[in-house]
Amino acid sequence: MPDRTDPLAYLEEEIGALDRDGLLVRPRSLEGPTGARAVFDGREVINLASNNYLGLANHPRLNEAAARAATDLGAGSGAVRTIAGTMAIHVELERRFAAFKHAEAALMFPSGFAANAGTVAAVLGPEDVIVSDRLNHASIIDGGRLSKARIAVFDHADAADADRKLAETADARRQLLITDGVFSMDGDIAPLPDLVEVAERHGAIMMVDDAHASGVLGAGGAGSVDHFGLHGRVDIQVGTLSKAIGVLGGFIAGRAHLVEWLRQRGRPYLFSTSAPPAVAAACMAALDVLADEPERLARLWSNTERFKAGLTSLGFDTGSSATPITPVITGDAVATQRFARELFDAGVFAPAIVFPTVARDSARIRTIVIADHDDADLDEALAAFGTVGASLGLVG
Ligand SMILES: *Cc1c(COP(=O)(O)O)cnc(C)c1O
């Protein structure tokens, strides 16, 4: 074989540069199931790093439903939805999810990422404009790019700025106002009532990405639309099955004609193989558990209050969080990485979040409590935050 220069050699240099800047991501490896405590890299730690809000990812009813579906219906679906991969269990789950969201219809996507990107790209075109919160999720940004619509970014959680951006782009054929329901790095809740009012005033389509709000906010975890009593006023609701629901997949809920259009033009729906039956069965079991065990949601919120109050009284800056996501804002990336490493050594797993995920001067440790944490877990984690934070001079 002739000698050939590797045309991808430049990637080694790029990776080396990331490493030098402290920006190379090296994920820890989870051994065994996720949970309130879990084994990462061979060590059992208090797990403040998952999106498993309600503890459903390893719930016996979900595990059993998945196992039964795999035995009865197989490991895979065999095709994309539009050819031969629409199983009765997918249709049933969509019906259940529409009811959960108080919507006419719902459609399942391979992931929340695909739901956002595929939907924005399917409903808008180059003549349109997307008015998008500065801190919206990457999948919304990518969906905007795929649609080729103009993108106007408004200041974070600032409905008055969204109003201005809609006024400035009123020449567009159609306008879409889009926000995360709960912001994943700050844990704050979008000012949805104000945004809905602004969208209505401009005749814009209103879309909310409830990845971190589904199963967390609202009665029975129905999401931010329910939390604010805005039923019928948000045109497109995005949900994920990967976070509080505990499994994998994405969802769109809305009017029947929206869902029918996405069946025709939602590219990730059309061109990606449908979920294995075990996934759909486990999601359905998750909706059952949500209804049957309301104490999980209550516990999630009492844990949230206890942990947030503890961090605040230790003297940490927790920003504007109002949900189970609580950042501990430290500012400097290198110090934050060290904080995360020492917390792990003290038995607490909470990741450092640095640029480009957040602004350069706002590096933070991100914590997420779940319903399955008990008081001892939270108190032990708070003690570690206090000790490590003091030893690094971050708090007194
Ligand atoms: C996690 C997340 C997604 C993607 O959901 P997946 O199901 O994990 O692909 C979309 N939007 C937001 C705001 C998220 O946090």
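Preceding block: the structure.
The text that follows walks through the structure, step by step, so that each part is easy to find.

**Overview of the overall build of the chain**
Turning to step 1, where the next piece is worked out: Counting its secondary structure elements, the chain contains 15 helices and 14 strands.
Turning to step 2, where the next piece is worked out: By the compact-globule yardstick of 21 Å for 396 residues, the chain fits well, its C-alpha radius of gyration being 22 Å.
Turning to step 3, where the next piece is worked out: When its C-alpha atoms are laid out on the principal axes, the chain stretches across 65 × 55 × 55 Å.
Turning to step 4, where the next piece is worked out: Each of the 396 residues in the chain was classed as buried or not, and the buried ones make up 52%.
Turning to step 5, where the next piece is worked out: Considering only residue pairs separated by 6 or more positions, the chain has 69% of its internal contacts joining residues 24 or more positions apart.
Turning to step 6, where the next piece is worked out: When the accessible area of the chain is evaluated, it comes to approximately 17,500 Å², of which 53% is carbon and sulfur surface.

**Focus on helix H8 (residues 192–202)**
Turning to step 1, where the next piece is worked out: Within the span of H8, buried status applies to Leu192, Leu195, Val196, Val198 and Ala199. Each buried residue of H8 sits inside an arc of 165 degrees when the element is viewed along its axis, so together they form one side.
Turning to step 2, where the next piece is worked out: Looking at the buried side of H8, the elements it contacts are strand S6 (150–154), helix H7 (159–168), strand S7 (175–180), strand S8 (205–209) and helix H9 (224–227).
Turning to step 3, where the next piece is worked out: Just downstream of H8, glycine 203 is the residue with a positive phi angle, here 65 degrees.

**Quick notes on the site of the ligand**
Turning to step 1, where the next piece is worked out: Among the 15 residues in the neighbourhood of the ligand, the closest are listed as Gly112, Asp209, Thr240, Ser242 and Lys243.
Turning to step 2, where the next piece is worked out: The separation between a nitrogen atom of the ligand and a polar side-chain atom of aspartate 209 is 2.5 Å.
Turning to step 3, where the next piece is worked out: Protein burial of the ligand: of its 380 Å² of free accessible surface, 85% is covered by the chains.
Turning to step 4, where the next piece is worked out: Here the shell around the ligand takes three residues from helix H5 (residues 112–123), the largest share from any one element.
Turning to step 5, where the next piece is worked out: Tallied by class, residues from the shell around the ligand come to two nonpolar, 10 polar and three charged.

**A word on the side chain of serine 139**
Turning to step 1, where the next piece is worked out: Residue position: serine 139 is located in helix H6 (residues 138–147).
Turning to step 2, where the next piece is worked out: In this structure the side chain of serine 139 is engaged in a polar contact, spanning 2.7 Å, whose partner is the side chain of histidine 137.
Turning to step 3, where the next piece is worked out: Discounting residues that sit within four places of it in the chain, serine 139 has contacts with Phe113, Asn116 and Ala117.

**Comments concerning the nonpolar core**
Most often, soluble globular proteins have nonpolar side chains that are buried together.
Turning to step 1, where the next piece is worked out: Grouped together as the largest cluster of nonpolar side chains are 42 residues, with contacts concentrated most on Tyr53, Leu54, Leu93 and Leu241.
Turning to step 2, where the next piece is worked out: Within the residue set of this core, elements represented by two or more residues are helix H2 (60–73), helix H4 (88–100), strand S4 (105–109), strand S10 (250–254), helix H12 (277–292) and helix H13 (295–313).
Turning to step 3, where the next piece is worked out: The greatest single-element share of this core, amounting to 12 residues, is contributed by H12.
Turning to step 4, where the next piece is worked out: If you count residues domain by domain, this core takes at least three from each of domain 1 (22–58 + 294–391) and domain 2 (77–275).

**Quick word on the sheet that holds strand S13 (residues 352–353)**
Turning to step 1, where the next piece is worked out: Pairing is antiparallel in the open sheet, where three strands are placed in the order S11-S14-S13. The sheet terminates laterally at strand S11 (325–331) and S13, the two strands that pair on one side only.
Turning to step 2, where the next piece is worked out: Pairing of S11 with strand S14 (residues 363–368) involves six bridges; the strand directions are antiparallel. Following the sheet pairing, threonine 326 is matched in S14 by threonine 367.
Turning to step 3, where the next piece is worked out: Contacts between helix H14 (residues 333–345) and the sheet are confined to S11, S13 and S14, with S14 contributing the most and set at about 35 degrees to the helix.

**A short note on empty space enclosed by the protein**
Turning to step 1, where the next piece is worked out: Counted under the stated rule, the structure contains one cavity of 30 Å³ or more.
Turning to step 2, where the next piece is worked out: A volume near 90 Å³ is recorded for the largest cavity.
Turning to step 3, where the next piece is worked out: Along its surface, the largest cavity is lined by Arg81, His90, Met108, Phe109, Pro110, Pro268, Tyr269, Ser272, Thr273, Ser274 and Ala275.
Turning to step 4, where the next piece is worked out: Counting residues per element, the ones that place at least two in the lining of the largest cavity are S4 and helix H11 (267–271).
Turning to step 5, where the next piece is worked out: Looking at the lining of the largest cavity, its residues break down into six nonpolar, four polar and one charged.

**So, the layout of surface pockets**
Turning to step 1, where the next piece is worked out: Put simply, the largest pocket is a space of about 950 Å³.
Turning to step 2, where the next piece is worked out: Forming the boundary of the largest pocket are 30 residues, of which Val25, Arg26, Gln337, Pro351 and Ala352 lie nearest the centre.
Turning to step 3, where the next piece is worked out: Where the lining of the largest pocket is concerned, the elements lending two or more residues are H14 and S13.
Turning to step 4, where the next piece is worked out: Of the residues in the lining of the largest pocket, the class split is 18 nonpolar, seven polar and five charged.
Turning to step 5, where the next piece is worked out: Empty space within the second largest pocket amounts to approximately 560 Å³.
Turning to step 6, where the next piece is worked out: For the lining of the second largest pocket, the secondary structure elements donating two or more residues are strand S5 (129–133), H6 and S6.
Turning to step 7, where the next piece is worked out: Top element by residues in the lining of the second largest pocket is H6. It accounts for four residues.
Turning to step 8, where the next piece is worked out: Among the residues forming the lining of the second largest pocket, the class breakdown is 12 nonpolar, seven polar and five charged.
Turning to step 9, where the next piece is worked out: Both domains that meet at the lining of the second largest pocket, namely domain 1 (22–58 + 294–391) and domain 2 (77–275), each give it at least three residues.

**Observations regarding the pattern of salt bridges**
Turning to step 1, where the next piece is worked out: Counted under the stated rule, the structure contains 27 salt bridges.
Turning to step 2, where the next piece is worked out: Measuring nitrogen to oxygen at the nearest pair gives 3.3 Å for the salt bridge that ties arginine 26 to aspartate 19.
Turning to step 3, where the next piece is worked out: Exposure remark for aspartate 19: the relative accessible area of 38% places this residue in the partly exposed category.
Turning to step 4, where the next piece is worked out: Residue aspartate 186 is joined to arginine 364 by a salt bridge in which the shortest nitrogen-to-oxygen separation is 3.1 Å. In this pair, aspartate 186 sits in the loop between S7 and H8 while arginine 364 sits in strand S14, placing the two residues 178 residues apart along the sequence. This pair shows no difference in class: aspartate 186 is buried, exactly as arginine 364 is.
Turning to step 5, where the next piece is worked out: Connected through salt bridges with shared partners, the residues Arg299, Arg306, Asp375 and Asp379 form a single ionic network.

The rules behind each value
- Within any chain, residue numbers begin from 1 and follow the written order of that chain's sequence.
- Per-residue local features are limited, in this predicted model, to residues with pLDDT of at least 70; the limit for side-chain atom pairs, both in listing and counting, is 80 or more; totals at the level of whole chains, interfaces and linings are taken over all residues.
- Based on all heavy atoms of the structure, the side-chain values leave hydrogens and waters out of the count.
- Numbering goes from the N terminus for both helices and strands, where a helix is a DSSP run of H or I of at least four residues and a strand is a run of E of at least two.
- This radius of gyration counts C-alpha atoms alone. The globule rule is 2.2 Å times how many residues there are, raised to the power 0.38.
- Only protein chains enter the area calculation, which uses a 1.4 Å probe; residues under 20% of their type maximum are buried, those over 50% are exposed, and those in between are partly exposed.
- The criterion used for residue contact is that any of the two residues' heavy atoms lie within 4.5 Å.
- Exposure was quantified through the Shrake-Rupley algorithm and a 1.4 Å probe, taking into account, for residues, occlusion by the shown protein chains and nothing else.
- This arc is built from the directions going out from the helix axis to the C-beta atoms.
- We call a residue near a molecule or strand as soon as one heavy atom of that residue lies within 4 Å of the molecule or strand.
- N or O atoms closer than or at 3.5 Å make up a polar contact, with two conditions inside protein: a donor-capable atom paired with an acceptor-capable one, and, for residues adjacent in sequence, both atoms drawn from side chains.
- All amino acids are sorted into three groups, where Ala, Val, Leu, Ile, Met, Phe, Trp, Tyr, Cys and Pro are nonpolar, Asp, Glu, Lys and Arg are charged, and the leftover types, Gly among them, are polar.
- The term nonpolar core refers to a set of buried residues drawn from Ala, Val, Leu, Ile, Met, Phe, Trp, Tyr and Cys, joined through side-chain atoms within 4.5 Å.
- What counts as a domain boundary in this text is fixed by an automatic or database domain assignment.
- Here, any two strands with at least 2 DSSP bridges between them count as paired.
- Angles here are taken between N-to-C directions and fall from 0 to 180 degrees, while the axes themselves are lines fitted to C-alpha atoms, restricted in helices to the stretch in contact.
- Both cavities and pockets are sets of points on a 1 Å grid over the protein atoms alone; in a cavity a 1.4 Å probe fits but cannot get out, in a pocket the set is open with protein on both sides within 12 Å along at least five of seven lines, and lining residues sit with an atom within 4 Å of a point.
- Grid points are joined across faces, edges and corners, and a volume is the space filled by probe spheres set on the points.
- Here a salt bridge means any side-chain nitrogen of Lys or Arg lying within 4 Å of a carboxyl oxygen belonging to Asp or Glu.

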